[in-house]
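Fold and geometry: a report
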Amino acid sequence: MSDPRPLRLSLQNMSCASCVGRVERSLTALPGVSDVRVNLANETAQAQIDAPERITEIATALQEIGYPARTRSVRLNIASMSCASCVGRVEKALAVLPGVLDVNVNLASETATVTYLESAVAVVDLIKAASDAGYSATQAADNSSEDAGARKSEEARDLARRTVVAATLALPVFLLEMGAHLIPGMHGLIGDTIGHRASWMIQFALTTAVLFGPGRTFYTRGFPALLKGAPDMNSLVAVGTSAAYIYSLVALFATTLLPAGSRAVYFEAAAVIVVLILLGRWLEARAKGRTGAAIQKLLGLQAKTARVLVDGESQDVAIDRIVAGDILIVRPGERIAVDGELTEGSARVDESMITGEPVPVAKSVGDPVTGGTVNGSGAFQFRATRVGADTTLAQIIRMVEEAQGAKLPIQGLVDRITLWFVPVVMALALLTVIVWLLVGPSPALSFALVAGVSVLIIACPCAMGLATPTSIMVGTGRAAEMGVLFRKGDALQQLSSVDVVALDKTGTVTQGRPELTDLVLADGFDRAEVLALVAAVEAQSEHPIAEAILRAAKVEGVARHDVMDFASITGHGVRAKVAGREVLVGADRLMTREGLEIGDLADEERRLAEQGRTALFAAIDGRVAAVIAVADPVKPSSAAAIRALHAQGLKVAMITGDKRETAEAIARETGIDHVIAGVLPDGKVAALDDLRGAGQRIAFVGDGINDAPALAHSDVGIAIGTGTDVAIESADVVLMSGDLRGVVNALEVSRSTMRNIRQNLFWAFGYNVALIPVAAGVLYPVSGLLLSPVLAAGAMALSSVFVLTNALRLRRVRPAMDETVRPVSEASASPISAE
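Residues numbered from 1 in each chain as written. Predicted model: local features only at pLDDT ≥ 70, side-chain atom pairs only at ≥ 80, totals over all residues. Heavy atoms only, no water.

By the naming in an unreviewed UniProt entry, the protein is Heavy metal translocating P-type ATPase, taken from Sedimentitalea todarodis. Per UniProt, the protein has the following entry under Sequence similarities (unreviewed entry): "Belongs to the cation transport ATPase (P-type) (TC 3.A.3) family. Type IB subfamily." (UniProt positions renumbered as here; feature names shortened; annotations may be inferred.)

See below:
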């Protein structure tokens with residue numbers, strides 16, 4: 001059996017939670033299809049399939065139940081075709097791709113028109129298939145396929161047009177009928193002028209135009225779903241408005257069939273209901289378009305063309321034609337097209353759109369650059385290393401899309417309820433009619449009709465279905481803008497309930513590389529001279545401590561010296577002759593072995609060791625000249641981030657392989673509550689179990705490489721990325737900024753999103769529980785109040801709009817911590833101190 005592979009399709013015609021249930025049941029029933037997740041907000045279905053052939057079966061099943069997968073057509077220019085055999089080979093090469101529905105190859109125009117399922121196959125896959133068959137292909141310039149954002153905009157415009165037309169036709173109906181009841185003298189005026197029957201005829205004509213014009217989709221979708229035994233929101237509207245319309249027809253054209261007291265028309269109810277629901281769906285479409293704003297922003301970061309060096313000349317090339325190894329030229333102010341590595345020049349690159357960091361990053365030869373970022377100053381050339389779907393930006397977009405399509409555990413209850421919601425509402429409407437006919441006052445039939453239609457119309461499964469996915473879409477999108485990527489949607493819910501945040505030390509709390517922190521001199525020695533001599537000796541070593549000393553010497557610009565007679569003394573240190581002087585660098589035992597007096601510097605060495613720093617001595621010409629301290633410095637934002645975690649009521653622990661003294665020193669500096677030291681990578685899993693204690697939920701933060709087992713074992717694994725390495729498979733959440741501020745912001749987004757979801761669900765369920773009985777007429781015996789179907793339609797439309805509008809508030813979630821951290825050069829204290 002082959003390994004499951006993911007499939008993501010964009011669907012049509014979904015309007016409420018019942019649609020979600022139908023699609024999920026249909027796909028889950030197919031052999032070889034598992035882990036089905038349907039999202040009403042972005043109208044997608046995701047599943048795991050065991051073979052490519054399942055795609056066609058899924059497409060067929062979706063077509064049969066009335067929710068066909070969206071398709072696209074693309075035109076490719078095909079080179080090198082010379083005969084009908086070439087046509088056949090190209091058609092075969094393209095047709096075998098999973099997700100391709102139709103291929104039409106034209107020899108005369110040397111083009112191929114391919115119809116395929118959105119998201120199941122990409123244009124680059126089609127181009128590659130044709131090229132592999134021996135016929136190079138490019139996308140034709142006149143392709144007019146629309147992206148999801150454009151499609152949403154068009155859908156909103158179409159609904160706006162239909163709403164305006166319906167409202168224009170329904171307004172006279174409403175004025176003629178309701179004006180006669182509400183405006184004194186209006187009833188008599190109509191009778192004395194056009195007559196009441198003529199008024200009813202006008203209402204009939206205009207209402208018919210509304211129902212069979214702008215409102216026809218409710219019937220073309222609602223009744224087929226009802227006949228298949230799977231009614232949806234459209235079915236409720238179709239049955240409700242049809243009941244009012246047909247009753248009015250009988251009252252108008254077959255008056256004798258109704259009791260005298262029940263001869264009334266409800267054309268205005270049918271017409272205005274359609275108008276209000278169209279209005280609601282237009283507002284929904286606009287709001288849905290905004291829920292995907294983050295993805296649209298990310299897509300907007302992708303460059304369309306790039307300047308590529310070909311045979312020594314620069315040429316503008318479409319982004320999809322760039323291949324790994326191409327040399328690209330970037331000028332000041334231009335957006336970098338793909339991921340790569342600088343080969344010539346230097347620049348300062350604005351990476352804030354990827355990492356959330358506002359400070360431009362200096363780049364020189366050998367440094368990586370990321371597609372989608374902007375060159376601020378300086379021109380440079382770079383070699384493309386990752387293109388197409390492999391770029392960092394493409395991975396980010398894919399992560400966000402997958403997270404937005406996720407189904408949270410909280411959604412399970414919603415799904416179980418909405419599965420039966422519409423059938424139950426229809427049964428309640430029928431029961432309402434029966435009760436009114438049996439015990440209602442005269443005219444019972446009119447009361448029964450009004451109450452039954454109101455129950456059908458006021459029920460809103462749309463709000464229930466949109467409550468969770470819209471919040472997820474907006475919340476994960478806003479998180480991505482803040483540099484927080486939720487790789488797994490359920491992490492959004494789990495993160496909100498963690499009790500302890502466990503941190504790896506190296507590269508998470510600290511910078512991840514040693515730095516020279518202290519150079520304490522003995523009397524009579526000069527800092528620059530000592531650092532220059534020590535750096536010359538350490539240049540011969542590959543130890544990380546040596547690298548820290550060399551970096552400090554480079555920063556301070558000390559003199560460079562040649563080295564002679566270098567020797568390594570195992571377990572003690574090194575010695576060499578530099579500029580005619582004898583230099584020793586090593587631990588205190590090296591000084592003791594050589595018979596050198598450490599003196600007062602021994603106290604300094606103990607003080608530095610207590611601070612968690614690695615201390616070495618330097619001796620010049622037989623005298624101890626300095627004690628040198630090296631440490632992996634804490635990131636500037638770590639202490640503030642840990643304080644913010646404490647403010648959110650969380651305990652913070654640190655798990656590290658370093659010795660306890662070093663770990664305790666860092667814990668004191670940053671405010672960490674609990675330290676587990678001396679732990680090997682595979683021991684971090686056991687450490688997490690110890691921290692978990694009596695049911696506490698743990699979030700573990702690490703670098704995503706050595707910490708993979710711990711990331712996978714924790715309740716929520718949070719990987720600190722670097723802005724370019726985002727393919728971290730073990731983590732649930734990826735932080736692009738590279739420090740602990742992202743953890744605080746991730747928690748803020750998680751809690752805000754879950755709070756928003758609970759608000760939406762409370763409204764959606766509370767609305768239906770409270771207003772369906774009101775629509776049925778439970779208040780009539782005590783107050784004489786019977787809800788009008790028109791008011792029911794308005795309430796239903798506003799219910800969905802409320803949920804979407806509330807979800808959109810998540811776009812205003814602010815980072816819990818200030819994104820700006822001062823560079824080290826601007827800090828009040830230098831990382832290298834002299835005493």
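**Some remarks on the packing of aromatic side chains**
On inspection of all chains with the given rule, the structure shows 11 aromatic pairs. Ring centres of F212 and Y245 lie 6.4 Å apart, and the angle between their planes is 70 degrees; this geometry places the pair in the edge-to-face category. Placement of F212 in helix α7 (residues 196-212) and of Y245 in helix α9 (residues 233-253) is noted, with a sequence separation of 33 residues between them. Note on F212: relative accessible area 58%, which makes it exposed. Residue Y245 is classed as buried on the basis of its relative accessible area of 9%. Taken together, F204, F212, Y245, F253 and F267 form an aromatic cluster joined through their ring pairs. (Phe/Tyr/Trp six-rings, centres within 6.5 Å; stacked < 30°, edge-to-face > 60°. Helix = DSSP H or I, 4+ residues; strand = E, 2+ residues; numbered from the N terminus. Buried < 20%, exposed > 50% of the residue type's maximum accessible area, 1.4 Å probe, protein only.)

**Let's talk about a nonpolar patch on the surface**
Where nonpolar side chains cluster on the molecular surface, the patch consists of W420, V424, L428, L430, L431, I434, V435, L438 and V439 and spans about 910 Å² of accessible area. Considering the arrangement of structural elements, one finds V439 in helix α14 (residues 411-439). When its relative accessible area of 66% is taken as the criterion, V439 is described as exposed. (Patch = residues over 30% accessible without salt bridge, like charges linked within 9 Å, V, L, I, M, F, W, Y side chains within 5 Å. Areas by Shrake-Rupley, 256 points an atom, 1.4 Å probe, with all protein chains shown as cover. Salt bridge = Lys/Arg side-chain N within 4 Å of Asp/Glu carboxyl O.)

**Quick notes on the UniProt feature "transmembrane region" (unreviewed entry) in the protein**
Those places that UniProt annotates as "transmembrane region" (unreviewed entry) correspond, in this numbering, to residues 159-178, 198-215, 236-258, 264-283, 417-439, 445-468, 761-780 and 786-808. Along residues 761-780 one finds 85% helix and 0% strand; the C-alpha atoms at either end are 28 Å apart. Along residues 786-808, the helical share is 87% and the strand share 0%, with 34 Å between the first and last C-alpha atoms.

**Some words on a positive patch on the surface**
Together, R755, R758, R809 and R812 make up a positively charged patch on the protein surface. Within the fold, R758 resides in helix α27 (residues 741-776). Note on R758: relative accessible area 47%, which makes it partly exposed. (Lys, Arg positive; Asp, Glu negative; His and termini not counted. Charge placed at Lys NZ, Arg CZ, Asp CG, Glu CD.)

**Considerations on the pattern of salt bridges**
Within this structure, the stated rule accounts for 27 salt bridges. Between D158 and R161 there is a salt bridge; the shortest N-O distance is 3.8 Å. On the criterion of helical spacing, the pair formed by D158 and R161 is a turn pair, its members being three residues apart in helix α5 (residues 148-182). A salt bridge links D158 to R162; the nearest nitrogen and oxygen atoms lie 3.7 Å apart. One end of the pair is D158 and the other is R162, both in helix α5 and four residues apart, which spans about a single turn. By relative accessible area, D158 is classed as partly exposed at 31%. You can call R162 buried: its relative accessible area is 18%. Look at the salt bridges and you will find they share partners, linking R575, E582, R593 and E594 into a network.

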